[in-house]
Amino acid sequence: MDRRFTFWIDRGGTFTDVIGRADDGGEVSLKLLSASTAYEDAAVEAMRRILGAAPGAPFPADRVQAIKMGTTVATNALLERAGARPLFVTAGGFADALQIGDQSRPELFALNLSRPAPLYAGVVEAKERLAADGSVVAPLDIEDLRRGLEAAAAEGFTSAAIAFLHADLNPAHEQQAGEIARAAGFGFVALSSEVSPLPRFIPRAETTVADAYLTPVLQAYVRRVADAVAGAPLYFMT
């Protein structure tokens, strides 16, 4: 019972696989259902069983050398459409740009296209414009954007994806918008100039929306596991 363990965990959508190696070289493995009414989290439950922790007893963090985990929590959230409820903040006139998309068509000759619903749940358009070289054509209207974001926050939005044209060349407007969003109460803000600072507005904005949709779910899971292991060294695959 005084052995210290290192854990390797694969937390999948259906099963969670855990390998524990003790400091004396002994190894133990467990496979549990990832979702069960018998426990709150499969990874934590497996470690508790391997460590011999009694039900209801504190997690024995002092007997853990390291926890190394890979998880498909974000992937599952995308497949199941169980992510956050992000707000898409973009340049004026581009509210429907991601729904229009580009000329990519899975079925080239289909007459009736079935489009999946967008990942974002609302749009706020900012009054601003950058030129193709990143120079400022129209400065960001800070007060107008603040009113829009505060109204969205009052509606329950807590995650924002901010993507402006040519922000890969000049991120200043996005950075200002991010500060306004955080001040308005948004707990997670994704800027396209940080998430995917590449040319082409559509793929950059789509990536940013996906980040705002999935990262809050992953962060919540990481916090839950971190709280449960009571300070034991915890590492997630990136």
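Residues numbered from 1 in each chain as written. Predicted model: local features only at pLDDT ≥ 70, side-chain atom pairs only at ≥ 80, totals over all residues. Heavy atoms only, no water.

### Digging into the overall build of the chain
The helix and strand tally for the chain stands at 7 helices and 11 strands. Relative to its length of 238 residues, the chain is extended, with a C-alpha radius of gyration of 22 Å against a globular reference of 18 Å. Among the 238 residues that make up the chain, the fraction classed as buried is 42%. Taking as baseline every contact in the chain between residues at least 6 positions apart, the subset at least 24 positions apart corresponds to 65%. (Helix = DSSP H or I, 4+ residues; strand = E, 2+ residues; numbered from the N terminus. Rg over C-alpha atoms; globule rule 2.2 N^0.38 Å. Buried < 20%, exposed > 50% of the residue type's maximum accessible area, 1.4 Å probe, protein only. Contact = heavy atoms within 4.5 Å.)

### Side note on the packing of aromatic side chains
Summed over all chains, the structure comprises 4 aromatic pairs. With a centroid separation of 5.8 Å and 15 degrees between ring planes, the pair formed by phenylalanine 5 and phenylalanine 7 is classed as stacked. Exposure class is identical for phenylalanine 5 and phenylalanine 7. Each is buried. The interplanar angle of 70 degrees and the centroid separation of 5.8 Å between the aromatic rings of phenylalanine 94 and phenylalanine 201 together place this pair among those described as edge-to-face. Placement of the pair is phenylalanine 94 in the loop between strand S5 (86-91) and helix H3 (97-100) and phenylalanine 201 in helix H7 (residues 201-228), with a sequence separation of 107 residues. On the accessibility criterion, phenylalanine 94 (27% relative accessible area) is partly exposed. Under the relative-accessibility criterion, phenylalanine 201 is labelled buried at 13%. Directly above the ring of phenylalanine 15 sits lysine 31, whose terminal nitrogen or CZ lies 5.1 Å from the centroid. (Phe/Tyr/Trp six-rings, centres within 6.5 Å; stacked < 30°, edge-to-face > 60°. Lys NZ or Arg CZ within 6 Å of the ring centre and 35° of its normal.)

### Section: the pattern of salt bridges
Tallying each qualifying case throughout the model produces 9 salt bridges. For the salt bridge of lysine 31 with aspartate 17, the shortest nitrogen-to-oxygen distance reads 2.7 Å. With a gap of 14 residues between them, lysine 31 in strand S3 (residues 27-33) and aspartate 17 in strand S2 (residues 15-22) connect regions that are remote in the sequence. A salt bridge links glutamate 143 to arginine 146, with the nearest nitrogen and oxygen atoms 2.6 Å apart. Taken together, the residues glutamate 143 and arginine 146, both in helix H4 (residues 142-154) and 3 residues apart, mark about one turn of the helix. We classify glutamate 143 as partly exposed; its relative accessible area is 44%. One connected set of salt bridges, linked through shared partners, spans Lys127, Asp144 and Arg147. (Salt bridge = Lys/Arg side-chain N within 4 Å of Asp/Glu carboxyl O.)

### Observations regarding the sheet that holds strand S9 (residues 159-163)
On the basis of which strands lie adjacent, the open sheet formed by 4 strands has the order S6-S5-S9-S10 and parallel pairing. Because the sheet does not close on itself, it has two edges, and the strands there are strand S6 (122-126) and strand S10 (188-191). For this sheet, the mean angle separating the axes of adjacent strands, direction not counted, is 20 degrees. Lying on the sheet, helix H5 (residues 172-184) is in contact with S9 and S10; it crosses S10 at an angle near 175 degrees. (Pairing = 2+ DSSP bridges. Axes fitted to C-alpha atoms, helices over the stretch in contact; angles between N-to-C directions.)

### A few points about the pairing of S5
Counted residue by residue, S5 has 6 buried out of 6 residues, so it is predominantly covered. Here S5 pairs with S9 via 5 bridges, running parallel. Residue pairing in the sheet places leucine 87 in a bridge with alanine 160 of S9. In this structure, S5 lies alongside S6, joined through 5 bridges in parallel fashion.

### Structural notes on the nonpolar core
Membership of the largest hydrophobic core comes to 40 residues, with the highest contact counts inside it found for Leu145, Leu149 and Phe186. Considering each element in turn, this core owes the most residues, 7 residues, to H7. With 24 residues, the next largest nonpolar core counts Ala22, Ile50, Val73 and Tyr221 among its residues. (Core = buried A, V, L, I, M, F, W, Y, C linked by side-chain atoms within 4.5 Å.)

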